[in-house]
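Residue-level listing of the chains:
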Amino acid sequence: MFYWIYDIPSPQLAVMITAVFVSFSWVGAVFLRPILRAFLKRRADINDLVGYMLSCFGVFYGLLLGLLAVAAYQNYTSVETVVSKEAATLSALIQDIKSYPEPERQNLIWLLRDYTRYVVKYAWPLQRRGIVPEEGNTRMLAIHERLAEFEPKTKGQEIIHAEALRQFNNYLEARRLRVFSVTTSIPAVMWIVVLVGALMNIALVWLFDMKLVSHMFLGGFLAAFMGLMIFLIASLDNPFRGEISISSQPFEEIHKSLMEE
Amino acid sequence: MNRFPVPFTRSYASSLTPTRRCQRTRGHAALCWLLSFPLLLVFAGCNKPNFAWIESLKKKAGPEPIRVGVLHSQTGTMAISETPLRHAEILAIEEINNAGGVLGRQLEPVVKDGHSRQDHFQLRSTDLIKKHDVAVVFGCWTSADRKAVLPIFEQSNKLLFYPLQYEGNESSRNVFYSGSTPNQQILPAIDWFLSKEGGNKKKIFLLGSDYVYPRTANYIVKKYLGTKSMNAAGEIYVPLGHRDFGSVIDQILEAQPDLILSTINGDSNIHFYRNLHERGITASQLPVVATSVGEGELRVLPPEITTGHYAVWSYFQSVESAANQKFVQSYKREFGHDRVLDDPMEAAYAQVYLWKQAVEKAGTTDTDAVRKVLEAGMELDAPGGRGRMDGKTHHMHKRFRLGKIRGDRQFDIVYESADTIAPEPYPEFAFPGWSCDWTRGGMKKGPAVGVIGQ
């Protein structure tokens, strides 16, 4: 629903999310605070009560935000590792294929170029939109067909062919892991809890009885920090989306080296 | 006991009159907003102000891309031939997108694999039309695949652009053929070899793979020779993938021809040329003119067994023109400097531009409107030269070129038609009574002539 935020550069997105939270806090402070105060009948100990509530609530909410931030970061780094592993396996496969006789070597190099070009030019932009790229499967099948057709004529070719097939299978596994990671993200229900929690946090601040300027100052600070935390989690969530996302650079380098072959 | 200092207590707030409180509240809010904006701008500007993202958001909200289908075999026996065609079509699509798209919309290629099987071609065509709602499909290679998908395009009234040279004997309202027909590819070659310049050949032996294209093409050649009171020196068909040409060459030598017209396809060519070479038959003694050997095929054929023989196409990579230079350079830049280009690739590339021009002229991707524009006779500057769509037959007016194989696996163009040649999918001497004119009623069928595919 909110995937369009990933099209916005990080600094602007940070400002935007922070501004939304701070604005919400201020608008509430100006317009809702008098109503809430009337609702609480101007109790003398209201600031104490709200303070206790806010501390208690803050502990749970802080824990939730902290754990989510760590989980999102771990998820991001694990997908990054998957992509690095995939690229490394592909490089190893290419090295094996370079030892094949002609014209099999050239045919396979062309297919690998075709595949890496597709990954860089088409698959990655699709992943950035949260779409699982499908055409890579066909290209992998084409490479597999070519490998399977090859009949080694010497003992050396036999060894290289066996190794290439092993690397190819490793690559398929790594690729599958990357493709599965495209839709990896924090579940929607957790985002709802985080956002509702943020609103409740800000609403609790409105209950304090203090001067408006102080209200806006302190409430604004709290809202800004919450906004930044949510920006951080949102940026790290969906590892292939947005400016802070896993890049296709390892594949770009492989494609470049294949083009020089 | 209150934990907060005086300003935070309700006594301060309640000491003000309601009107005064309201005025103060408004004043503070306005002040805060005014102060906050410069801070936000400073923060946003930390990373150099960049509003390209706003443009990108606007772009995303802009017109939907036009989906176009690309249907070739990426797997199976035909993959090695069809993959370069897909590349050529993708290159054209990317170039068009980089130049702003078509009617202000980007093209989105939907690529499907025909798997070298007719049933897969049918399934994927249905997928492209029904599921992906593509505006057009560029694809197919073999006539069998094209004939298998043809009813799907006709029933759903969608357009298929077919890039291969083929046997003719077909015309569909929903297909535009950008490859050559036999009267544009084979018959001019026969004329040339019968001429003084071509060595006054008299005995032409017909050798082909056993499927629809070679059989129909050779049927047309025999009828054409008949118009010149000549007969073929002999005719042999070998199964696709055939390897042992020993007995075939014996039969050819027995007929004592002075030219072999080869419509052999695929890997069999390696074995045919090798057997010929091993028997000590050189190109100067008995030249072979091939209709299905291009730069792509020469890549796997050793030069020592093919040099000096001929091939006939409308395009060779060695064509000297600025448009071809640009095409070759663009293709190599995108797909590798060791890649070679051939006639089907050029036709595949050019047909995307042909469709683009037609859509722009029609102002819509609607099938009927685009067809109408193409039937009016659209011209195109292709890498191989200027061509024109023949509205009557849905085939291209194309140039004929005869190439002699060089040692570097390229061709020397030894003869080129002075102008483009009009397509004849149903030459009158071979298919009496058959004709097509899509601008005036469509197909006119004559008596069956007994060739495959009729």
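Everything discussed here concerns the structure shown above.
Residues numbered from 1 in each chain as written. Chains lettered and ligands numbered in written order. Predicted model: local features only at pLDDT ≥ 70, side-chain atom pairs only at ≥ 80, totals over all residues.

### As for the overall build of chain B
If you tally the helices and strands in chain B, you get 16 helices and 17 strands. For chain B, with 454 residues in total, the buried portion stands at 44%. (Helix = DSSP H or I, 4+ residues; strand = E, 2+ residues; numbered from the N terminus. Buried ≥ 20, exposed ≤ 12 C-beta atoms within 10 Å, placed from the backbone.)

### Considering the overall build of chain A
Summing up its helical and strand segments, chain A has nine helices and zero strands in all. Each helix (α) and strand (β) of chain A, taken in turn from the N terminus, gives the series α-α-α-α-α-α-α-α-α. Summarising its shape, the C-alpha atoms of chain A cover approximately 95 × 25 × 20 Å along the three principal directions. For chain A, contacts bridging at least 24 residues in sequence account for 83% of all contacts bridging at least 6. (Contact = placed C-beta atoms within 7 Å.)

### Some words on the sheet that holds strand 15 (residues 411–416) of chain B
Residues and elements named next belong to chain B. Read across the sheet, seven strands follow the order 7-6-8-9-10-14-15 without closing on themselves; strand pairing throughout is mixed. At either end of the open sheet lies a strand with only one pairing partner, and these are strand 7 (234–238) and strand 15. Averaged over all neighbouring strand pairs, the angle between strand axes comes to 25 degrees, with direction disregarded. Where strand 10 (residues 310–313) meets strand 14 (residues 401–405), four bridges bridge the pair, whose relative direction is antiparallel. Counted as the bridge partner of Trp313 is Arg401 from strand 14. (Pairing = 2+ DSSP bridges. Axes fitted to C-alpha atoms, helices over the stretch in contact; angles between N-to-C directions.)

### Remarks on the nonpolar core
Taken as a class, soluble globular proteins show a tendency for nonpolar side chains to be buried jointly. Judged by nonpolar contacts, the single largest core of 164 residues is most densely connected at Ile230 of chain A together with Val136, Val289, Ala311 and Tyr349 of chain B. Top contributing element to this core by residue count: helix 3 (residues 46–97) of chain A, with eleven residues. Not counting residues up to four positions away in its chain, the partners in contact with Val136 of chain B are Val68, Gly69, Leu159, Phe161 and Trp355 of chain B. (Core = buried A, V, L, I, M, F, W, Y, C linked by C-beta atoms within 7 Å.)

### Things to note about unusual backbone geometry
In this chain, Glu102 of chain A is followed by Pro103 of chain A through a cis amide linkage whose omega measures 5 degrees. Along the polypeptide, Pro103 of chain A turns up in the loop between helix 3 and helix 4 (104–128). Of note, the phi angle at Ser116 of chain B is positive, near 55 degrees, even though the residue is not glycine. Its place among the elements puts Ser116 of chain B in the loop between strand 2 (107–113) and helix 5 (118–131). A positive phi angle, close to 50 degrees, is found at Asn200 of chain B, a residue other than glycine. Mapping Asn200 of chain B onto the fold places it in the loop between helix 8 (187–194) and strand 6 (204–209).

### Concerning helix 6 (residues 143–156) of chain B
All names here are of chain B. Between its first and last C-alpha atoms helix 6 spans 20 Å; for 14 residues at 1.5 Å apiece the expected length is 20 Å, and the two agree. When the local axis directions of helix 6 are compared, the greatest deviation, roughly 35 degrees, occurs at Val149, which is followed within four positions by the proline Pro151. Taken together, the buried positions of helix 6 are Ser143, Asp145, Arg146, Val149, Ile152 and Phe153. Phi turns positive, to about 50 degrees, at Asn157, one or two residues after helix 6. (Expected span 1.5 Å × (residues − 1). Bend = angle between axes of the 7 residues up to and from the residue.)

### So, the pairing of strand 1 (residues 66–72) of chain B
All names here are of chain B. Across the seven residues of strand 1, five count as buried, placing the element largely inside the fold. By the bridge criterion, three bridges tie strand 1 to strand 3 (residues 136–139) in an arrangement that is parallel. Looking at the pairing, Gly69 lines up with Val137 of strand 3.

### Focus: helix 4 of chain A
All names here are of chain A. An ideal rise of 1.5 Å per residue puts 36 Å on 25 residues; helix 4 measures up with 34 Å between its terminal C-alpha atoms. Of all the bends in helix 4, the largest measures some 40 degrees and sits at Val119. Count one or two residues on from helix 4 and you reach Gly130, which has phi positive near 80 degrees.

### Here we look at the packing of helix 3 of chain A against helix 7 (residues 188–206) of chain A
Residues and elements named next belong to chain A. Relative orientation of the contacting elements helix 3 and helix 7 amounts to 155 degrees, with a least axis distance of 10 Å. If you check the angle between helix 3 and helix 7, you find them roughly antiparallel. In terms of crossing hand, the pair formed by helix 3 and helix 7 is left-handed. Judged by residue contacts, Val50, Met53, Leu54, Phe57, Tyr61, Leu64, Leu65 and Leu68 of helix 3 engage Met190, Val194, Gly197, Met200, Asn201, Leu204 and Val205 from helix 7. Of the residues assigned to the contact of helix 3 with helix 7, the class counts are 13 nonpolar, two polar and no charged. (Parallel < 35°, antiparallel > 145°, perpendicular 65-115°, else oblique. Left-handed = near helix turned anticlockwise from the far one by under 90°. Nonpolar A, V, L, I, M, F, W, Y, C, P; charged D, E, K, R; others polar.)

### Concerning the packing of helix 4 of chain A against helix 5 (residues 135–149) of chain A
Packed helices, taken two at a time, are described by the angle between their axes plus the distance between the axes. Residue and element names in this part refer to chain A. Two elements in contact, helix 4 and helix 5, have axes whose closest approach is 10 Å; the angle formed by their N-to-C orientations is 170 degrees. Of the possible angle classes, the one that applies to helix 4 and helix 5 is roughly antiparallel. Where helix 4 approaches helix 5, its residues Asn107, Leu108, Leu111, Leu112, Asp114, Tyr115, Tyr118, Val119, Tyr122 and Ala123 are matched on the opposing element by Glu135, Gly136, Arg139, Met140, Ala142, Ile143 and Arg146. Taken together, the residues of the contact of helix 4 with helix 5 sort by class into eleven nonpolar, two polar and four charged.

By themselves these figures say nothing about function.
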